[in-house]
Amino acid sequence: MPGASVICLIWLFSDGFDWARVGAMNHAKYWFRYLCSCLAGLILLDVAADGAAPEETEARRSDRDWWSLQVLSDVSLPDLPDAPPAWRSNPIDRYVIARLIAEGLEPNPPADRRALIRRIAYDLTGLPPTPEEVAAFVHDSDARAYEKLVDRLLSSPHYGERWGRHWLDVIRFGESRGFERNEIVRDAWPFRDYVIDSFNQDKPFDDFIVEHLAGDVIGRDRPDVEIGSAFMTIGPYDDVGNQDAVAAANTRAATVDDMVTATSGAFLGLTINCARCHDHKFDPIPTEDYYRLKAAFDGVSHGSRVLATRAEREHLDALKGPMLQKREALAKARSALEKEILDRSGAAASMDLGQRPPPSASRTEEQWVPVEARYVRMSVLSQSDNPGSGVGARMDEFEVWTGGDAPRNVALASGGAGVSGVAGAEAKDFDGAYSVELVNDGKYGARWFVGNPPVLTVTLPRIETIERAVFSHDRMTESNSPIAGLGPMVTEYEIEVSMDGVSWMKVADSTGRRPYNAALARRRALRTATGGEQVELDRLEMEIAAVDAGIRKMPALPTAWMGNYHQPDGPTRVFHGGDPMKPGAPVLPASLQVFQGGLDSYELPADAPEGERRLALARWIANDGNALTLRVLVNRVWHYHFGTGIVDTPSDFGFLGGRPTHPELLDWLAHRLLQHGWRLKDLHRDILLSQTYRQSSGFRAEAAQKDADSRLLWRFPSRRLSAEEARDTLLAVAGKLDKRQGGPGFRLYEYKQDNVATYVPLDRPGPETYRRAVYHHNARASVVDILSDLDLPDNAFAAPHRASTTTPLQTLTLLNNRFVIDMAEGLCERVSASVPGSPEESVRRAYSLAFQREPEDVEVMAGATLITTHGLRAFCRAVLNANELIYLE
């Protein structure tokens, strides 16, 4: 099957392709990989149809007796008369050693204490142990020294930061919307803090799952629970919008698909999304099952909403109540007075006021008796979206013309004229994008965004005799109204001239034109108010404005990006071929139909309340009888302890996923998790106290010939630090790490936003960025110095297993990146402050801080020579570039 193999390789290497360079965004990469998967599947099916033996055909896909879909087995511990005594007490060790013996392998001896404390400190907290902690553990003669170390690290608040980061990988957590616009999301951080806190509290994971899918249902007015439901909407979200009904329907279908995919992958380890267009090609999942799960999410939409307790809501309502009542009374008085004026004028709704046509988006011209002037001023009184203000209007050109047989536009910048006016918007990634200078550059298309005050002043290079002005919103169009998406146009205005810029004379205005719309007609009619009526209107407006200002000053309730909910309009239907424009038969909100016993299914009526759908799904997934959820969860824990899970595809327990190396151990761990009440810390303890975990990482050639990747765990797999661990380590070793927890994240980029977002990496991050990397505001499709270079995954997708590459760019970054140089300076200061003595002592102190060990004599000599020749800073820079700093044994 070479064709399928080639396509699968293309799929894998698509991770390394620079999609942004070719102008594609995250969804392009998704659909490319999806297409590759489909093509590979079709090739495999064709091969199966072309004469393959019946038993081979059956092996090309799973059915309902697939191993991961079965109830947990009643495991029994293997009998191990030939196993080393130390490997007989812990059930984990018994399963591992039984497989090693069967394969003719022997385990490694225990790791030394320094290697062990570094291993477990990074494993549980993501931070290096201090030299003092290492020394205390190495010299602790208590037989329970290691057990005490495990308990201390599990109770550390840094545990939640480390293991919460793992979970954020699994569930595609990101703090920007992704896709073309990729706007930043400023209030997603409460969910990140919730995840960290939940791990630190050792919250039962079944509760954690239910909160992810229905936290708003079970935790109304309990922010610490309600925030969990942000899980559904913290993935990428296409917010571009589309006027085309077909495109809008497809966008919505893709949005809900992200929720289905995230849920099935994170909790069930199944690629249910592959059944969106047809029955799953490899797993026993009919397309109806996809839509049964989809029904749970049909009422979920993206966005922020208030996250507060009932007491906080009631307190704010009590503060606002009197002011809102006052505003309502003032607004009624204003409406009554306006009605009286309009009734008297008889012109409230008339569109016939004025003799000339209304202003046009393409070209509006005003003429007057020729007059000498040096200055021309236009006051924008209203715009097409707001009859009460001209702020926000757009103008692409403003021209001032002389008379005679050869009229000239004397307002052009190329002729020496200048303009002034406030821009109502700023594009940080494009200087002058909306500036007032655009109105006299002689070019059409780019527009001035009218700011506050909405006044344009043109200074002519000399006194001229002028007789008309021409302005436009979009000179390139023939439309009288603004083109959708280009903003509002000027609709009411006054034009004045001056010789000195102090004394002004009005030469034209819009009052002789018919109103642009009914709202402007009403506004004009109100101008017929008598003097006393106008005074009263002004007073009411001022009082309403004062009340509004007081309300705005009140502290707003906190919000979080956790979605909004509505009852679906109708039944969920199967989309033929995944096309929402081809709806088929309706399906009910229900569980998957693939499990064989041990788990009760559910089915709800078509009109079931939106929240009940998600709650039923959550409880079904987190049911004690759901063996798949348990297997997937314990496998993730094993994966993060050993670098590879018992199943090496953590989010795919289907036919295309890996097979368990130790199936009995996997089920024993699942049973054990149930015994622990779904709490992970006790499961960590079971694993960490095993001989399997405590053995050394030493390499043995004869063992590697049989098991090169140590999948059978004859040694502990060594690893490089993750991107976050590496950055946190540099900060910790330099003495610069800010260990503040929670709250809004820091940014290693400058955020610039116009219609789309731009993330510009900081050249020199300052101390405000020296927090742990888990608190970085991780925007999608942004490049973040050392983190990106050390394989921080793209959070446009779930990352259940991180890549660990070795590239020249990583070496160059660690050697030359400004952040690393600053950390080397910090280490230099730290060493100098503690040992102001000889170069040899400086070497010993630096090794203690960075590697938590004493240097060997040859290392002391080489380091001292480097310090003497090139200085302590150069030596510290070399220390931070040592492999030993970022590799664990």
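If you tally the helices and strands in the protein chain, you get 30 helices and 18 strands. For the protein chain, the spread of C-alpha atoms along the three principal axes comes to 110 × 80 × 60 Å. Buried positions account for 52% of the 889 residues belonging to the protein chain. Considering only contacts within the protein chain whose residues lie at least 6 apart along the sequence, 74% involve residues at least 24 apart.

With that settled, consider the packing of helix 26 (residues 818-834) against helix 29 (residues 872-879). With their axes 8 Å apart at the nearest point, helix 26 and helix 29 run at an angle of 115 degrees to one another. Crossing geometry of helix 26 relative to helix 29 is assigned as right-handed. For the pair helix 26 and helix 29, the contacting residues are Ile-821, Ala-824, Glu-825, Leu-827, Cys-828, Val-831 and Ser-832 in the first and Leu-872, Arg-873, Cys-876, Arg-877 and Val-879 in the second. Residue composition of the contact of helix 26 with helix 29, by class: 8 nonpolar, 1 polar and 3 charged.

Two quantities define a packed helix pair, namely the angle between the helix axes and the distance between the axes. The geometry of helix 27 (residues 839-851) relative to helix 29 is characterised by a closest axis approach of 11 Å and an angle of 30 degrees between their N-to-C directions. Here helix 27 lies roughly parallel to helix 29, going by the angle between them. Here helix 27 and helix 29 pass one another in a crossing that is right-handed. Between helix 27 and helix 29, the contacting residues are Ser-842, Val-843, Ala-846, Tyr-847, Ala-850 and Phe-851 on the first element and Leu-872, Phe-875 and Val-879 on the second. In terms of residue class, the contact of helix 27 with helix 29 is built from 8 nonpolar, 1 polar and no charged.

Trp-167 and Phe-191 are the most contacted members of the largest nonpolar core, which totals 169 residues. Among the elements that line this core, the one with the most residues is helix 18 (residues 627-642), at 10 residues. Setting aside chain neighbours within four positions, we find Phe-191 in contact with Leu-168, Ile-171, Phe-173, His-212, Ile-227, Gly-228, Ala-230, Phe-231 and Ile-234. Core analysis: the second largest hydrophobic core is formed by 29 residues, Trp-368, Ala-373, Val-400 and Val-410 among them.

Structurally, His-139 can be placed in the loop between helix 6 (131-138) and helix 7 (145-154). Residue His-139 is classed as exposed on the basis of its relative accessible area of 66%. As for His-139 and Pro-357, which are separated by 218 residues in sequence, their C-alpha atoms are 93 Å apart. Here the side chain of His-139 touches Ala-135 through a polar contact of 2.8 Å, landing on its backbone oxygen.

So, on to the pattern of salt bridges. Pairs can form between side chains of opposite charge once their charged atoms are near each other. Applying the stated criterion to the full structure yields 63 salt bridges. Of the charged contacts in the structure, one is a salt bridge between Arg-700 and Glu-702, with a shortest N-O distance of 3.3 Å.

Once that is clear, we can look at empty space enclosed by the protein. Enumeration according to the criterion identifies 7 cavities of 30 Å³ or more in this entry. Roughly 100 Å³ of volume is contained in the largest cavity. If you go around the largest cavity, you meet 14 residues; those closest to its centre are Arg-119, His-641, Phe-716, Arg-719 and Leu-888. Elements with a minimum of two residues in the lining of the largest cavity: helix 5 (113-125) and helix 18. For the lining of the largest cavity, the element with the highest residue contribution is helix 18, accounting for 3 residues. Taken together, the residues of the lining of the largest cavity sort by class into 6 nonpolar, 3 polar and 5 charged. As a volume, the second largest cavity reaches approximately 80 Å³. Every residue along the wall of the second largest cavity is listed here: Trp-163, His-166, Trp-167, Phe-199, Phe-205, Leu-633, Arg-636, Val-637, Tyr-640 and Leu-680. Where the lining of the second largest cavity is concerned, the elements lending two or more residues are helix 8 (157-170) and helix 18.

By volume, the second largest pocket is sized at about 840 Å³. Residue lining of the second largest pocket: 44 residues in total, with Gly-643, Arg-719, Arg-720, His-801 and Arg-802 positioned closest to the centre. A per-class count over the lining of the second largest pocket returns 13 nonpolar, 16 polar and 15 charged.

Its location among the elements puts Ile-117 in helix 5. In this structure, Ile-117 is in contact with Pro-129, Glu-133, Val-134, Phe-137 and Leu-149, ignoring residues within four places of it in sequence.

Among the 9 residues in strand 9 (residues 490-498), 8 count as buried, and that is most of the element. The pairing of strand 3 (residues 364-383) with strand 9 spans 8 bridges and is classified as antiparallel. Within strand 9, the position partnered with Val-380 by the bridge is Tyr-493. Note: strand 9 against strand 10 (residues 505-509), 4 bridges, orientation antiparallel. Bridge pairing in strand 10 places Ile-495 opposite Ala-508. Hairpin remark: strand 9 followed by strand 10, antiparallel, with 6 residues in the connecting loop; positive phi at Gly-501, about 80 degrees.

Time to look at unusual backbone geometry. Across the junction of Asn-452 and Pro-453, the peptide omega takes the value 10 degrees, indicating a cis bond. Residues other than glycine seldom take positive phi values, yet Trp-678 does so here, at roughly 65 degrees. Within the element layout of this structure, Trp-678 appears in the loop between helix 19 (663-675) and helix 20 (680-688). Residue Trp-678 is classed as buried on the basis of its relative accessible area of 2%. Backbone geometry places Ser-710, a non-glycine residue, at a positive phi of 55 degrees. You can see Ser-710 is positioned in the loop between helix 22 (701-706) and strand 15 (719-720). For Ser-710, a relative accessible area of 3% translates into the label buried.

Under the 1.5 Å per step criterion, the end-to-end length of helix 10 (residues 205-218) is only 15 Å for 14 residues, more than 12% shorter than the ideal 20 Å. The axis of helix 10 is deflected most strongly, by about 75 degrees, at His-212. Summarising burial for helix 10: 11 of the 14 residues are buried, a large majority. Looking only at helix 10, the buried set comprises Phe-205, Asp-206, Phe-208, Ile-209, Val-210, Glu-211, His-212, Leu-213, Ala-214, Gly-215 and Asp-216.

Take Arg-613: it is sitting in helix 17 (residues 610-621). The charged side chain of Arg-613 is buried without a salt bridge, its nearest counter-charge being Asp-298 at 5.1 Å. Polar contacts involving the side chain of Arg-613 include one to the main-chain carbonyl oxygen of Ala-295, which spans 3.1 Å. For Arg-613, the side chain forms a polar contact with the main-chain oxygen of Ala-608, separated by 3.0 Å. Residues in contact with Arg-613, not counting those within four places in the same chain, are Ala-295, Ala-296, Gln-567, Pro-568, Thr-572, Pro-589, Tyr-602, Leu-604, Ala-606, Asp-607 and Ala-608.

Here the protein chain averages 90 in pLDDT, while 92% of its residues score no lower than 70. For residues 1-31, every residue scores under 50 in pLDDT, and the model assigns this stretch 43 contacts once sequence neighbours within four places are set aside. Low pLDDT, under 50, characterises residues 42-58; the stretch is placed with 15 contacts to residues that sit more than four places away or in other chains.

What counts as what
Residues numbered from 1 in each chain as written. Predicted model: local features only at pLDDT ≥ 70, side-chain atom pairs only at ≥ 80, totals over all residues. Heavy atoms only, no water. Helix = DSSP H or I, 4+ residues; strand = E, 2+ residues; numbered from the N terminus. Buried < 20%, exposed > 50% of the residue type's maximum accessible area, 1.4 Å probe, protein only. Contact = heavy atoms within 4.5 Å. Axes fitted to C-alpha atoms, helices over the stretch in contact; angles between N-to-C directions. Left-handed = near helix turned anticlockwise from the far one by under 90°. Nonpolar A, V, L, I, M, F, W, Y, C, P; charged D, E, K, R; others polar. Parallel < 35°, antiparallel > 145°, perpendicular 65-115°, else oblique. Core = buried A, V, L, I, M, F, W, Y, C linked by side-chain atoms within 4.5 Å. Polar contact = N/O pair within 3.5 Å; in protein donor to acceptor, adjacent residues only side chain to side chain. Salt bridge = Lys/Arg side-chain N within 4 Å of Asp/Glu carboxyl O. 1 Å grid on protein atoms, 1.4 Å probe; cavity = no way out; pocket = protein on both sides within 12 Å on 5 of 7 lines; lining within 4 Å. Points joined across faces, edges and corners; volume = space filled by probe spheres on them. Pairing = 2+ DSSP bridges. Expected span 1.5 Å × (residues − 1). Bend = angle between axes of the 7 residues up to and from the residue. Lys, Arg positive; Asp, Glu negative; His and termini not counted. pLDDT = per-residue confidence, 0-100.

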